[in-house]
Amino acid sequence: MASLAATSMRSHWCGELRAAHAGTEVRLGGWVHRRRDLGGIVFVDLRDREGLVQVAIGPGWSPPQTMAGTGALTAEAAILVRGVVERRPAGQANAEMATGEVEVHATEVTIVGPTVTPAIPVGRVRGEALAAEESRLRYRYLDLRRPELYGNFELRHRLLQRTRRELSDRGFLEVETPILTKPTPEGARDFIVPSRVYPGQFYALPQSPQLYKQLLMISGFDRYFQLARCFRDEDQRADRQLEFTQIDLECSFVGPEDIYAVTEAVLVALWQEAGATVEAPFPRMAYRDAMARFGTDKPDLRFDLEIRDLTARIGEGSGEFLRAAVARGERVRALVIPGGAVLSRKDLDALADDAKTMRASGLVWAKHVAEGLTGPGAKALGAEALASLDLAPGDLVLACAGRDGVALPALGRVRLEVIRRLKLEPKRAHAFVWIEQFPLFDRDLETGELTFMHHPFTAPHPDDVALLATNPEAARSLHYDPVYNGVELGSGSIRITDPALQSLVFARLGLSAEEAEHRFGFLLEALRTGAPPHGGIALGFDRIAMLLTGGDSLRDVIAFPKTAAARALFEGAPTGVRQEDLDVLRLKVTV
C-alpha cells in the first residue's frame, strides 16, 4: 500500500487502518460506500482508493450536530471524517475487510461533495451484476471508483515504473518523439491532422515512433526507449483501441539475440511485478513451423493439439474430392482431438462454419466410438490416412483440404474453438514463444500486389538477400514476435541500414524512386551518413496490463477508452466542428 503524506485534511488512508492504530486520532477523506442505520448508531463504510473502513456515528463519542447530519450521508457523497480508531467489540470483527478489526468513532463528519443518486451503482453487494458496459463508459468517472478497476490501474502504474527501471538500468535513454508527424505506411490507416499554417497540407498522428527511433540510432543515441502513445485508425476489438501505449525500444550494434535478451528481461520483470514467475530464455519457432503445426503465427502453446499433414496418405481409398484437391496441388491437414467425440453434430456444424470464415470450403470429420469409426470422414479420408493417426476410442478427427494459406489458418481457428467448446485444461500456465523468420513480403488479398509483411524497414535474412531480385516472396526477414498464451505481445525486427538495399525493398513494393524519395527521403538521407546495425521491438503495454490483471478487454486497463464503435461516450467524441473553425483550416465537410 502506498504511504500517505499527511495533509491538512487527511492523516491516513481508509484502507491502511489496523489494530495497531487503536487509540489514534485520524482524519480521513473518501466516499460513502454504504450506509446502515441501526437505530441510534449509523455505520458508514468509507472508501478511498486504498480500501474501506467502517465509521461509527453514535451517542457517546459523536456530538449532536454530527448525529443530526447522518441523513445526508447518501451513497457516493464525498466526506471528511475526524475520529478515533477503536477495536471492534468482541465477535464483531469483519474478516472480509482488511480493516475489519477496527472502526473509527467519528467526532466530526463534513460533507464536502454532496451527490445526487449515482447513475450506475458503485458500492455493489456481493453477486450483483455490473451495469451495462455502455453505461459504465458513459459514466466512467463513477465506474473508475470501483475498487477492482483501481486495482488494475495500481498494477498498471507499477508495470510502467518497473519497465522504466529495467531499461534505465540497462543503459537505455527515455526520449519522447513527435506526435505530429508525416503520413507513412505502417499497415493501418493514419489519423490525419490538417495544418492551419500550411493550408491543404496535413500531419499524421504516429502509428509508432519507428522512423524516429531509427534516426536516434543513426544519431548515436545507442539505446532508446519510450512509453509511446500511438494511433491507428482501424476497427475496434476487445484487444484493440484507436490510441494505445507501447513499450518502444531500439538498440545499436545488435542482432536478434540481443533484442531477445533485453525483451525477455523486461517481460520476466513485468510478470514478476504481477506476482508470477516465468523463466527465460523463451523457446523459438520459425513462422512456417508455427503455421504448419498450429495454423497461426500466435500459437497458444498451453495446449498440445497440433495439425497433421495427411496429404501423402490420401490415395485410392480416399474420397474423390480429396484426391482431386491433392491433384490440384492442395494439401489435406487434420487435427486429432482426444475426447472430442463428445461434440454434437451441432458443434461440428458450427466448427465447419468457423473454418468457412477463414475461406475454407468446410471440414471433414470422423469419430472413434465403441462401434468403430463413424462420420463422413471415415470414408473420405480412407483407411491409410486414418491408420496413420493412431486414433483411440473417444477421439475426433477434423480435416480440411486447401492451399496452405487457407487450410492452415482455418484449422488454427478451429483448434482454438475446440479448446473453448471442450473447456480443455491447459498443460501449462505460462507459454511464451518467439516466432521468427517471417516472410519479408506478402500478397494483398484484394489486389494481389506485393506488400510488406510488417513494415518496409525490416531487414531481409542475410541468407535470402539474393532472393529479392529473383523470388522476393520466398525471402525471410529478421522479424520476431513474442507470443504469450496465444496472444501477440509485440513485434520487432533488425532494420535495413544500407540505403541501396532500402531503395531496392521500396522498388519491390512498387514505389518508384521519386515516390520513395518523396515519402522516405529523410530516412534515406540519414542512412547515407553512416548508420550502425540496429534493431528493436514494440510491446503492447495495454495488452500486457490486460493479461496481467486477468482481464479480457483493454477497456479495463485504459482509464478513458473508446467503445467498440470507436466513440468516447462521456465527452461525446467524435463530434461535429463549427464551419467557422473549418474555414480557418480551409476545409469543408461534404457528407
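For the structure itself, look to the data block above.
My aim in this report is to walk through the structure given alongside it, one point at a time. Only a predicted model underlies this, so the values are computations on that prediction, with no experimental measurement involved.

### Here's the deal with the overall build of the protein
Across its full length, the protein holds 17 helices and 23 strands. Overall, the protein is about 95 × 75 × 50 Å in size when its C-alpha atoms are taken along their principal axes. In the protein, buried positions account for 47% of the 591 residues. Sequence separation of at least 24 residues holds for 66% of the intrachain contacts in the protein that already meet a minimum separation of 6.

### Looking at the environment of Thr 24
When you line up the elements, Thr 24 lands in the segment before strand 1 (25-37). Each residue touching Thr 24, except ones within four places of it in the same chain, is listed here: His 12, Gly 83, Val 84 and Val 85. Within polar-contact distance, the side chain of Thr 24 engages the backbone oxygen of His 21 at 2.9 Å.

### Structural notes on empty space enclosed by the protein
By the definition in use, this model includes one cavity of 30 Å³ or more. A volume near 60 Å³ is recorded for the largest cavity. Around the largest cavity, the lining residues are Leu 137, Arg 140, Phe 560, Pro 561, Ala 568, Leu 569, Phe 570 and Glu 571. Split by residue class, the lining of the largest cavity holds six nonpolar, no polar and two charged.

### What to know about the layout of surface pockets
One simple way to see leftover space: roll a probe sized like a water molecule over the atoms. In this model, the second largest pocket occupies a volume close to 610 Å³. Around the second largest pocket, the lining is made up of 25 residues, and of these Asp 48, Arg 49, Glu 50, Leu 144 and Tyr 150 lie nearest the centre. Residue assignment for the lining of the second largest pocket shows that the elements contributing at least two residues are strand 1, strand 2 (42-48), strand 4 (78-87) and helix 4 (147-168). Sorting elements by how many residues they give to the lining of the second largest pocket places helix 4 first, with seven residues. Taken together, the residues that form the lining of the second largest pocket break down as twelve nonpolar, five polar and eight charged.

### Examining the sheet that holds strand 3 (residues 51-57)
Overall, mixed pairing links the five strands, which are arranged 1-2-3-5-4 in a closed barrel. Taken pair by pair, the neighbouring strands of this sheet meet at an average axis angle of 55°, ignoring direction. Across three bridges, the pairing between strand 3 and strand 5 (residues 102-113) is parallel. Residue pairing in the sheet places Ala 56 in a bridge with His 105 of strand 5.

### A short note on the pairing of strand 10 (residues 243-252)
For a regular strand, side chains alternate in direction, first toward one face of the sheet and then toward the other. In terms of burial, strand 10 is largely enclosed, as nine of its ten residues are buried. Pairing analysis gives nine bridges linking strand 9 (residues 223-231) to strand 10, with the strands arranged antiparallel. Residue pairing across strands places Arg 229 opposite Thr 245, the latter belonging to strand 10. Pairing of strand 10 with strand 23 (residues 534-540), which is carried by seven bridges, proceeds in the antiparallel orientation. For Ile 247, the partnering residue across the bridge sits in strand 23 and is Leu 539.

### Points about the nonpolar core
The nonpolar side chains of a soluble globular protein tend to be buried with one another. In this structure, Leu 167, Leu 249, Leu 267, Leu 270, Trp 271, Phe 432 and Ile 544 are the most contacted members of the largest nonpolar core, which totals 49 residues. Counting residues per element, this core draws most heavily on helix 6 (residues 256-273), at seven residues. Contact partners of Leu 267, with chain neighbours within four places excluded, come to Phe 282, Phe 432, Pro 482, Leu 489, Leu 539 and Ile 544. Membership of the second largest hydrophobic core comes to 36 residues, among which are Ala 290, Ile 307, Leu 408 and Val 414.

### Details of the side chain of Gln 502
Within the secondary structure, Gln 502 is located in helix 14 (residues 499-508). A relative accessible area of 0% means that Gln 502 is categorised as buried. Once you skip the residues sitting within four places of it in the chain, Gln 502 turns out to touch Pro 456, Phe 457, Ile 496, Leu 523, Leu 524 and Leu 527.

### Quick notes on the sheet that holds strand 12 (residues 307-309)
Ordered by their spatial adjacency, five strands build an open sheet running 12-13-16-14-15, and the pairing between neighbours is antiparallel. Among the strands making up the open sheet, the edge pair consists of strand 12 and strand 15 (372-374). Going from strand to strand, the sheet's axes swing by 25° on average, the running direction of each strand aside. As defined by bridge partners, strand 13 (residues 331-337) adjoins strand 16 (residues 396-402) across seven bridges and the pair is classed as antiparallel. Along strand 16, the bridge assignment pairs Arg 331 with Gly 402.

### Quick look at the pattern of salt bridges
On inspection of all chains with the given rule, the structure shows 49 salt bridges. Note that Arg 420 is salt-bridged to Glu 417, the shortest N-O span being 2.4 Å. Here Arg 420 pairs with Glu 417, and both are found in helix 12 (residues 404-422), just three residues apart, close to one helical turn. Connected through salt bridges with shared partners, the residues Glu 154, Arg 158, Arg 162, Glu 166, Arg 170 and Glu 273 form a single ionic network.

### Re the side chain of Asp 297
Structurally, Asp 297 can be placed in the loop between helix 7 (287-294) and strand 12. Separated by 3.0 Å, the side chains of Asp 297 and Lys 298 make a polar contact. Contact partners of Asp 297, with chain neighbours within four places excluded, come to Tyr 287, Ala 290, Met 291, Ile 435, Phe 438 and Val 483.

### Quick word on helix 12
Given a rise of 1.5 Å per residue, 19 residues ought to cover 27 Å, and the 26 Å separating the end C-alpha atoms of helix 12 matches this to within 8%. Phi for Lys 423, located one or two positions after helix 12, is positive at around 50°.

### Regarding unusual backbone geometry
Cis geometry marks the peptide bond from Ala 280 to Pro 281, where omega comes out at 5°. Here Pro 281 lies in the loop between helix 6 and strand 11 (284-286). In this chain, Ala 573 is followed by Pro 574 through a cis amide linkage whose omega measures 0°. Locating Pro 574 in the fold gives a position in the loop between helix 16 (541-549) and helix 17 (579-585). Unlike most non-glycine residues, Glu 76 shows phi in positive territory, near 75°. Within the secondary structure, Glu 76 sits in the loop between helix 1 (64-68) and strand 4. Of note, Arg 359 is a non-glycine position whose phi angle comes to about 75°, a positive value.

### Considering the packing of aromatic side chains
Enumeration over the complete set of coordinates arrives at 13 aromatic pairs. Between Trp 271 and Phe 432 the ring centres are 5.1 Å apart and the planes differ by 70°, which places this aromatic pair in the edge-to-face class. Of this pair, Trp 271 sits in helix 6 while Phe 432 is found in strand 17 (residues 432-436), placing the two residues 161 residues apart along the sequence. Residue Trp 271 shares its accessibility class with Phe 432, and that shared class is buried. Residue classification places Phe 432 among the buried positions, given a relative accessible area of 7%. Lying across the ring of Tyr 139, Arg 138 places its NZ or CZ 4.6 Å from the centre.

The rules we used
- Residues numbered from 1 in each chain as written.
- Predicted model: local features only at pLDDT ≥ 70, side-chain atom pairs only at ≥ 80, totals over all residues.
- Heavy atoms only, no water.
- Helix = DSSP H or I, 4+ residues; strand = E, 2+ residues; numbered from the N terminus.
- Buried < 20%, exposed > 50% of the residue type's maximum accessible area, 1.4 Å probe, protein only.
- Contact = heavy atoms within 4.5 Å.
- Polar contact = N/O pair within 3.5 Å; in protein donor to acceptor, adjacent residues only side chain to side chain.
- 1 Å grid on protein atoms, 1.4 Å probe; cavity = no way out; pocket = protein on both sides within 12 Å on 5 of 7 lines; lining within 4 Å.
- Points joined across faces, edges and corners; volume = space filled by probe spheres on them.
- Nonpolar A, V, L, I, M, F, W, Y, C, P; charged D, E, K, R; others polar.
- Pairing = 2+ DSSP bridges.
- Axes fitted to C-alpha atoms, helices over the stretch in contact; angles between N-to-C directions.
- Core = buried A, V, L, I, M, F, W, Y, C linked by side-chain atoms within 4.5 Å.
- Salt bridge = Lys/Arg side-chain N within 4 Å of Asp/Glu carboxyl O.
- Expected span 1.5 Å × (residues − 1).
- Phe/Tyr/Trp six-rings, centres within 6.5 Å; stacked < 30°, edge-to-face > 60°.
- Lys NZ or Arg CZ within 6 Å of the ring centre and 35° of its normal.

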